[in-house]
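# Breakdown of the fold
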Protein chains: 4
Amino acid sequence: MLKMDAARSVLVLVDYQGRLMPAIHGAPAVVEAALVLADAARALGVRVVGTEQNPDGLGRNDEAVRRRCDVTLSKMHFDACSDGLAELLTEGRAPGDQPAVVMAGCEAHVCLMQTALGLLERGFRTWVVETACGSRRAADKLAAMQRLREAGATVVSDEMVLFEWVRHCRHPQFKAVLNLVKRRGS
Amino acid sequence: MLKMDAARSVLVLVDYQGRLMPAIHGAPAVVEAALVLADAARALGVRVVGTEQNPDGLGRNDEAVRRRCDVTLSKMHFDACSDGLAELLTEGRAPGDQPAVVMAGCEAHVCLMQTALGLLERGFRTWVVETACGSRRAADKLAAMQRLREAGATVVSDEMVLFEWVRHCRHPQFKAVLNLVKRRGS
Amino acid sequence: MLKMDAARSVLVLVDYQGRLMPAIHGAPAVVEAALVLADAARALGVRVVGTEQNPDGLGRNDEAVRRRCDVTLSKMHFDACSDGLAELLTEGRAPGDQPAVVMAGCEAHVCLMQTALGLLERGFRTWVVETACGSRRAADKLAAMQRLREAGATVVSDEMVLFEWVRHCRHPQFKAVLNLVKRRGS
Amino acid sequence: MLKMDAARSVLVLVDYQGRLMPAIHGAPAVVEAALVLADAARALGVRVVGTEQNPDGLGRNDEAVRRRCDVTLSKMHFDACSDGLAELLTEGRAPGDQPAVVMAGCEAHVCLMQTALGLLERGFRTWVVETACGSRRAADKLAAMQRLREAGATVVSDEMVLFEWVRHCRHPQFKAVLNLVKRRGS
């Protein structure tokens, strides 16, 4: 339980939307990290779920994010659990068999945080990828990460996710994952 | 319990007083955040309670803060609970029905912190809005926020309060709250 | 228990020694904060206990610190509890009646931290005054404060101590304490 | 249990490897701190265990590190526990008699962190020496230290280790340890 496990994980990408992203602090690096996570998930067979807040008003998710999602949930609540996310994550699974949620999104202190809190309230093991989260104001993002830690989430970086999902250098997807690390640069 | 709920909240604004504010680090942004909180509270039907430390000596609260408060408690102790705040917050409620307190004020490490600790000692669920708190020295404010976290408070930003109080974009006051966010700027 | 109480407190000042202080990061402000604490303690009837690490080698405590101490304990262990501090703090008290320890000193990550850990191991309620602690390297001090928090100490600032010890503005020593705050400046 | 004890400690140095170190942020200070730890361990009779990740690919450990290790474990998993580290640390000891692990290494957020989490999962008391850990990106190291704290490790500095291992200034190795502190400089 202290490390992320690809076989039990689902990746949730929250609200990387067209009319929101230009205002996000450090948006290009945030989106790039989200894409790295999504590509790693797809290489390793981890399901990718997107959400979009009021897409008629805020636009769809960044197109590169959107096409990497297996499904995208439309929502009106900031907390996607109030619009069915928890049910979407557990459909077709045995009762009590909750996936571990690796998640990131925007704004870090609104939709991402409220969704993470909703998942924690429902008992999901929740990992938040700080490097792929963004807010308009950097201080709001920092406050959200601290609050999520206290609420029971584990805050991680995108590289932590990749290297925990593969675990060892003989994994058949190790080279693919290493290339993702290199692509993102430093 | 992980998110703030407008229906259960009361807003407490501690000691934004005339002879104190000029010495506070970043005072204009601190007061502006307090006003945003108070306006959101009023739009959403959340009661607003102010406190003033020894007003004969330190002056009354900032006038814009004061006129947004439903009631203002005068006190001589740094911890307003020693001058009746807890009773003021629970008057007219069933025994054991404590409101959740969303609070901010000055100085962050003296009157705001001691009052928050007093509320925590009395079992109140306590949220401290960091962006609306101020001390003369920035380091004192940081130390207070960390200590309050360890004592059981949840430290939040003003935007977190607003978006948790409305919860979704179809709330009748959503546009009013969004305008408050825009008014404050970044 | 969430606030410091003058009636139950003892102030412990660890190793402000002549041959050590010139190497301490920010030494003048550290000593000044220690003197403010000691003067407040004396005004409020709080006992002040000093310690000196191997005084034949490192010299005596700063003279201004030393003359404010009711007693100064000489020690060879970095943790003063290994040289009798706990017994010194409880002598003449009923069994189980431990004072609450408000403490500060140098180096923050060696003698101050080891002594605080020793007190925590013995069940003392322990408050560490960050602004009156120093290490040669600033990063070591920060690491010590974080570690002390996790071990159960509460990290505070000197002003927090003063305003919790007096509690309200009608305390007979309030003006004296306020003058100490002003003397120290910002 | 709040302080490190030389008699119960083992030092584990993770992956200071030739093809990895040039990319590490602040590598010279990281290696220097590791050498100080290793020299102190050797002076005090603390066993030193090294690990190397896929040495055919990443090269051997820094030669100065390597020759201070009593044994060096080759591994393919990022978590050395998946390649036998826990058994190596407990071999020849009574069941349940686990040593306390003082550890550091690279990258802080990959092999060092995963190995520390593996040890924590197996019940080892784990101390992580931040100053002797490195990642390519400084933010990844910080995130790893925070996550390790939450998982139950205690994060320390190299000087903390040295002064807790000797405990007092009459220890026969005190002067040797003090010289290590001076050698490293500030």
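Rules behind the numbers
Residues numbered from 1 in each chain as written. Chains lettered and ligands numbered in written order. Predicted model: local features only at pLDDT ≥ 70, side-chain atom pairs only at ≥ 80, totals over all residues. Heavy atoms only, no water. Helix = DSSP H or I, 4+ residues; strand = E, 2+ residues; numbered from the N terminus. Rg over C-alpha atoms; globule rule 2.2 N^0.38 Å. Buried < 20%, exposed > 50% of the residue type's maximum accessible area, 1.4 Å probe, protein only. Contact = heavy atoms within 4.5 Å. Areas by Shrake-Rupley, 256 points an atom, 1.4 Å probe, with all protein chains shown as cover. Lys, Arg positive; Asp, Glu negative; His and termini not counted. Charge placed at Lys NZ, Arg CZ, Asp CG, Glu CD. Least-squares fit on C-alpha atoms with pLDDT ≥ 70 in both. Phe/Tyr/Trp six-rings, centres within 6.5 Å; stacked < 30°, edge-to-face > 60°. Lys NZ or Arg CZ within 6 Å of the ring centre and 35° of its normal. UniProt positions renumbered as here; feature names shortened; annotations may be inferred. Axes fitted to C-alpha atoms, helices over the stretch in contact; angles between N-to-C directions. Parallel < 35°, antiparallel > 145°, perpendicular 65-115°, else oblique. Nonpolar A, V, L, I, M, F, W, Y, C, P; charged D, E, K, R; others polar. Buried area = accessible area lost by both parts, 1.4 Å probe. Salt bridge = Lys/Arg side-chain N within 4 Å of Asp/Glu carboxyl O. Expected span 1.5 Å × (residues − 1).

Per an unreviewed UniProt entry, the recorded name for chain A is Isochorismatase family protein, and the organism is Azohydromonas lata.

### Quick word on the overall build of chain A
Regarding its fold elements, chain A presents eight helices and six strands. Against the globule reference of 16 Å for 186 residues, chain A gives a C-alpha radius of gyration of 15 Å, in line with a compact fold. Overall, chain A is about 45 × 40 × 30 Å in size when its C-alpha atoms are taken along their principal axes. Taken across its 186 residues, chain A has 61% of its residues classed as buried. Across chain A, every contact between residues at least 6 apart in sequence was considered, and the portion connecting residues at least 24 apart equals 73%. As displayed, chain A has an accessible area near 6,800 Å², and 51% of this comes from carbon and sulfur atoms. Each charge class in chain A can be summarised by its mean position, and for the 24 positive and 22 negative side chains these summaries are 5 Å apart.

### Here's the deal with the relation of the copies chain A and chain D
Each copy of the sequence occupies a distinct position, and chain A is placed on chain D by a rotation of 90° and an axial shift of 0.0 Å, giving an RMSD of 0.0 Å. The transformation just described matches what one would write down for a four-fold rotation axis. For chain A, the smallest separation between a C-alpha atom and the rotation axis is recorded for A:Glu150, amounting to 6.8 Å.

### Things to note about the packing of aromatic side chains
Inspection of the entire model under this criterion finds eight aromatic pairs over all chains. Each ring, one from A:Phe78 and one from B:Phe163, has its centre 5.4 Å from the other, and the planes form 90°; the classification is edge-to-face. Here B:Phe163 lies in helix α7 (residues 158–166) and A:Phe78 lies in the loop between β3 (71–75) and α4 (85–90), a pairing that spans two chains. Each of the two residues, A:Phe78 as well as B:Phe163, counts as buried. Clustering of aromatic rings is evident, with ring pairs tying together A:Phe78, B:Phe163 and B:Phe174. When the ring centre of B:Trp127 is taken as origin, the NZ or CZ atom of B:Arg125, which lies over that ring, is 3.8 Å away.

### Brief notes about the UniProt feature "domain: Isochorismatase-like" (unreviewed entry) in chain A
UniProt tags residues 9–158 of chain A as "domain: Isochorismatase-like" (unreviewed entry). Along residues 9–158 of chain A one finds 41% helix and 21% strand; the C-alpha atoms at either end are 14 Å apart.

### Description of the packing of helix α5 (residues 108–121) of chain D against helix α6 (residues 138–151) of chain D
All names here are of chain D. One can describe the packing of α5 onto α6 by two numbers: an axis separation of 10 Å at closest approach and a directional angle of 5°. One element, α5, and the other, α6, form an angle in the roughly parallel class. Here α5 contributes Ala-108, His-109, Leu-112, Met-113, Ala-116, Leu-117 and Leu-120 to the contact with α6, which in turn contributes Asp-140, Lys-141, Ala-144, Met-145, Arg-147, Leu-148 and Ala-151. Class assignment for the residues of the contact of α5 with α6 results in ten nonpolar, one polar and three charged.

### Considerations on the interface of chain A and chain D
Chain A puts 25 residues into the contact, and the matching count from chain D is 24 residues. Carbon and sulfur atoms make up 57% of the surface buried where chain A meets chain D, a total of about 1,900 Å² over both sides. Counting the surface chain A buries against chain D, the share from its top three residues, A:Leu2, A:Lys3 and A:Met160, is 31%. For the pair chain A and chain D, the interface holds six salt bridges.

### Re the pattern of salt bridges
Across all of its chains, the model carries 69 salt bridges over all chains by this definition. Note that A:Arg183 is salt-bridged to A:Glu32, the shortest N-O span being 3.4 Å. Pair noted here: A:Arg183 is in helix α8 (residues 174–184) and A:Glu32 is in helix α1 (residues 27–44), with a separation of 151 residues, a long-range link. Exposure remark for A:Arg183: the relative accessible area of 42% places this residue in the partly exposed category. Among the charged side chains, a network of salt bridges with common partners joins A:Glu107, A:Arg136, A:Arg137, A:Asp140, B:Asp158 and B:Glu159.

### With respect to α6(D)
Residue and element names in this part refer to chain D. Look at α6: 20 Å from first C-alpha to last across 14 residues, which is about the 20 Å you get at 1.5 Å a residue. Listed in full, the buried residues belonging to α6 are Asp-140, Lys-141, Ala-143, Ala-144, Met-145, Arg-147, Leu-148 and Arg-149. Backbone geometry just after α6 places Gly-152 at a positive phi near 115°.

### Quick look at the interface of chain B and chain A
For an interface, size is often stated in terms of accessible area lost upon the parts coming together. If you look at the interface, chain B gives 25 residues, while chain A gives 23 residues. Taken over both partners, the interface formed by chain B and chain A buries close to 1,900 Å², and the fraction arising from carbon and sulfur atoms is 57%. Considering only the side of chain B, the residues that lose the most area to chain A are B:Leu2, B:Lys3 and B:Met160, jointly responsible for 31% of the buried surface there. Between the two partners, chain B and chain A, sit seven salt bridges. Taking the shortest distance from any N to any O, the salt bridge between A:Asp79 and B:Lys3 comes out at 2.4 Å. Breaking the side of chain B that touches chain A down by element, the ones donating at least two residues are β6 (154–156), α7 and α8 (174–184) of chain B. It is α7(B) that contributes the most residues to the side of chain B that touches chain A, six residues altogether.

### Section: helix α1 (residues 27–44) of chain C
Residues and elements named next belong to chain C. Compared with the 26 Å implied by 1.5 Å per residue over 18 residues, the 26 Å span of α1 between its first and last C-alpha is a close match. Within α1, 13 of the 18 residues are buried, which leaves the element mostly enclosed by the surrounding structure. Backbone geometry just downstream of α1 places Gly-45 in the positive-phi region, at approximately 75°.

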